[in-house]
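Here are the chains, one letter per residue:
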Amino acid sequence: DNDVGIINNIVNANLFGKKYLFILDEIMNKSDTVSVKNTCTSVKNLIITHNERCSLIKDNIYVSDIKFADNIVSLTEEGFTHVVSLTGKYVTQSDSGTIYYHINIPDKATINFIDEVSECVSQLIKIPENSKILCHCFSGVSRSVLFASILIIHKYGFTFDDALDVVKNNRSVSNPNPDLVKQISDRLSSD
């Protein structure tokens, strides 16, 4: 019964940090009950799937969807120091010293993407090298991918095409809005 309570607490509180995999393994190893073992396996799969929502792109730059970014346990466990939200929805903010940036930007070419994100990028290229940056949008496939690409351009001097390739190679679900890709590419080639 105590094991079931622990499992329920993990699920109900969205405790999807990687350390909870260890706790579930311990419960599985000591339990003789098939249903407890099966439940542990199911919850472990939830945690693994949750953590796959976040991708390391380059050095200290990560991209995720909003579900990962809205999980304070995951953000704290992974040590994110900066979170950039590129969506109209706000995520739950940690009081652990994490710095949050919110850019309410639609996934449409009717906005000037570079102008909308330039102030945030300027601030992020000045932070200490050991900082961990999480860029997220709703699904983690378009706006956050483009933001991370622009950040890589400014931090490392890559071309837009090369920066976008780095992001796509490290985040298989990347699928940025082609109109925004063209807009950014045109803008950067004219600057």
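The notes below deal with the structure included here.

How each quantity is defined
- Residues numbered from 1 in each chain as written.
- Predicted model: local features only at pLDDT ≥ 70, side-chain atom pairs only at ≥ 80, totals over all residues.
- Heavy atoms only, no water.
- Core = buried A, V, L, I, M, F, W, Y, C linked by side-chain atoms within 4.5 Å.
- Buried < 20%, exposed > 50% of the residue type's maximum accessible area, 1.4 Å probe, protein only.
- Helix = DSSP H or I, 4+ residues; strand = E, 2+ residues; numbered from the N terminus.
- Salt bridge = Lys/Arg side-chain N within 4 Å of Asp/Glu carboxyl O.
- Expected span 1.5 Å × (residues − 1).
- Arc of directions from axis to C-beta.
- Contact = heavy atoms within 4.5 Å.
- Axes fitted to C-alpha atoms, helices over the stretch in contact; angles between N-to-C directions.
- Parallel < 35°, antiparallel > 145°, perpendicular 65-115°, else oblique.
- Left-handed = near helix turned anticlockwise from the far one by under 90°.
- Nonpolar A, V, L, I, M, F, W, Y, C, P; charged D, E, K, R; others polar.

Ranked by size, the top nonpolar core spans 34 residues in total, and within it Val84, Leu86, Ile103, Phe113, Val117, Leu124 and Phe147 carry the most contacts. Secondary structure elements with two or more residues in this core: β2 (61-64), α6 (113-124), β5 (133-136), α7 (143-156), α8 (160-170) and α9 (178-190). Residues Phe16, Tyr20, Met28 and Val43 belong to the second largest nonpolar core, which totals 13 residues.

The subject of this paragraph is the pattern of salt bridges. Applying the stated criterion across every chain yields a total of seven salt bridges. We note a salt bridge from Lys18 to Glu78, for which the minimum N-O separation is 3.4 Å. Of this pair, Lys18 sits in the loop between α1 (2-12) and α2 (19-30) while Glu78 sits in helix α5 (residues 72-78); the two residues are 60 residues apart in sequence, bridging distant segments of the chain. As a salt-bridge pair, Lys132 and Glu78 come within 3.8 Å of each other at their nearest N and O atoms.

Moving on: α6. Along its 12 residues, α6 runs 17 Å from first to last C-alpha, staying within 8% of the 16 Å computed at 1.5 Å per residue. Turning to α6, its buried residues number three or more, namely Phe113, Ile114, Val117, Cys120, Val121 and Leu124. Around the axis of α6, the buried residues are gathered within 135 degrees of arc, so they sit on the same side. Along its buried surface, α6 packs onto β3 (82-85), β4 (99-102), β5, α7 and α9.

On to the packing of α1 against helix α3 (residues 34-51). Interhelical geometry of α1 versus α3 gives an angle of 20 degrees and a closest axis separation of 11 Å. Considering their axes alone, α1 and α3 lie roughly parallel with respect to each other. Considering the relative orientation of α1 and α3, their crossing is left-handed. Between α1 and α3, the contacting residues are Val4, Ile7, Ile10 and Val11 on the first element and Val36, Thr39, Cys40, Val43 and Ile47 on the second. Split into classes, the residues belonging to the contact of α1 with α3 amount to eight nonpolar, one polar and no charged.

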